[in-house]
Amino acid sequence: MAGRTTVDPAELRAAVAAVTPWLLDESAAAPARAELAAAVRATVRALAASAPGHSVEVRVPPFVAVQCVEGPRHTRGTPPNVVETTPRTWLLLATGLLDFDVAVADGAVTASGSRAAEVAHWLPIAKAAS
């Protein structure tokens, strides 16, 4: 990857393609940790590049956390606007296979703060290759 704030589109597509079979069918073989990490990091960083700012923190432990969405900058302690989820749920959101509001309602995504839901405006990030 070129840098922490840039994402090569070809790398993004390749990373998503590597995990797509597992996203489309949870009973398929899970991707290797390195493949999963690459897909999560690429999609989260692509979100941060598309929605620059510091008002919402997106966390996908254990792989990545970024601040995005224009607005007031957060500098200390727990951010007031946080979106947190698992790697698989994030990738489902990032590829458009899961709706943000549905994921929040089902408890698959924790979205706290008045601006957290704004992340949905930039989803999906990449399409899952079928």
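Residues numbered from 1 in each chain as written. Predicted model: local features only at pLDDT ≥ 70, side-chain atom pairs only at ≥ 80, totals over all residues. Heavy atoms only, no water.

Draft legend 1. Seen up close, the overall build of the protein. The helix and strand tally for the protein stands at 4 helices and 4 strands. Against the globule reference of 14 Å for 130 residues, the protein gives a C-alpha radius of gyration of 14 Å, in line with a compact fold. Taking the principal axes of the C-alpha coordinates as reference, the protein spans close to 40 × 35 × 25 Å. Long-range contacts, defined as pairs at least 24 residues apart, comprise 60% of the intrachain contacts of the protein with a sequence gap of at least 6. Per element, the accessible surface of the protein, about 6800 Å² overall, is 53% carbon and sulfur. Across the protein, the centroid of the 11 positively charged side chains sits 9 Å from that of the 12 negatively charged ones. (Helix = DSSP H or I, 4+ residues; strand = E, 2+ residues; numbered from the N terminus. Rg over C-alpha atoms; globule rule 2.2 N^0.38 Å. Contact = heavy atoms within 4.5 Å. Areas by Shrake-Rupley, 256 points an atom, 1.4 Å probe, with all protein chains shown as cover. Lys, Arg positive; Asp, Glu negative; His and termini not counted. Charge placed at Lys NZ, Arg CZ, Asp CG, Glu CD.)

Draft legend 2. Just the environment of Gly 96, in detail. Structurally, Gly 96 can be placed in the loop between α3 (87-94) and α4 (100-105). Gly 96 gets classed as partly exposed once you look at its relative accessible area, which sits at 41%. In this structure, the C-alpha to C-alpha distance between Gly 96 and Ile 125, residues 29 residues apart in sequence, is 7.7 Å. If we skip the residues at most four places from it in the chain, Gly 96 touches Pro 124 and Ala 126. (Buried < 20%, exposed > 50% of the residue type's maximum accessible area, 1.4 Å probe, protein only.)

Draft legend 3. Main features of the packing of helix α1 (residues 9-24) against α3. Between α1 and α3, the shortest axis-to-axis distance is 11 Å and the interhelical angle comes to 100°. By the criterion of interaxial angle, the relationship of α1 to α3 is roughly perpendicular. For the pair formed by α1 and α3, the contact residues are Val 19, Trp 22 and Leu 23 on the first element and Arg 88, Leu 91 and Leu 92 on the second. Here the contact of α1 with α3 is built from residues that sort into 5 nonpolar, no polar and 1 charged. (Axes fitted to C-alpha atoms, helices over the stretch in contact; angles between N-to-C directions. Parallel < 35°, antiparallel > 145°, perpendicular 65-115°, else oblique. Nonpolar A, V, L, I, M, F, W, Y, C, P; charged D, E, K, R; others polar.)

Draft legend 4. Seen up close, unusual backbone geometry. Going from Pro 61 to Pro 62, the amide bond is cis rather than trans, its omega being 5°. Mapped onto the elements, Pro 62 comes out in the loop between β1 (56-60) and β2 (64-68). Positive phi outside glycine occurs at Val 69, with the angle close to 70°. Take Val 69: it is sitting in the loop between β2 and β3 (82-85).

Draft legend 5. Examining the sheet that holds β1 more closely. Strands sit in the order β2-β1-β3-β4 across an open sheet of 4 strands; the sheet is mixed. Whereas interior strands pair on both sides, the edge strands pair on one side only; in this sheet they are β2 and β4 (109-112). Adjacent strand axes in the sheet meet at a mean angle of 10° when their direction is disregarded. Strand direction decides the pairing type here: β1 and β2, joined by 5 bridges, are antiparallel. Within β2, the position partnered with Glu 57 by the bridge is Gln 67. Those strands touched by helix α2 (residues 33-50) are β1 and β2, and its axis lies near 10° from that of β2. (Pairing = 2+ DSSP bridges.)

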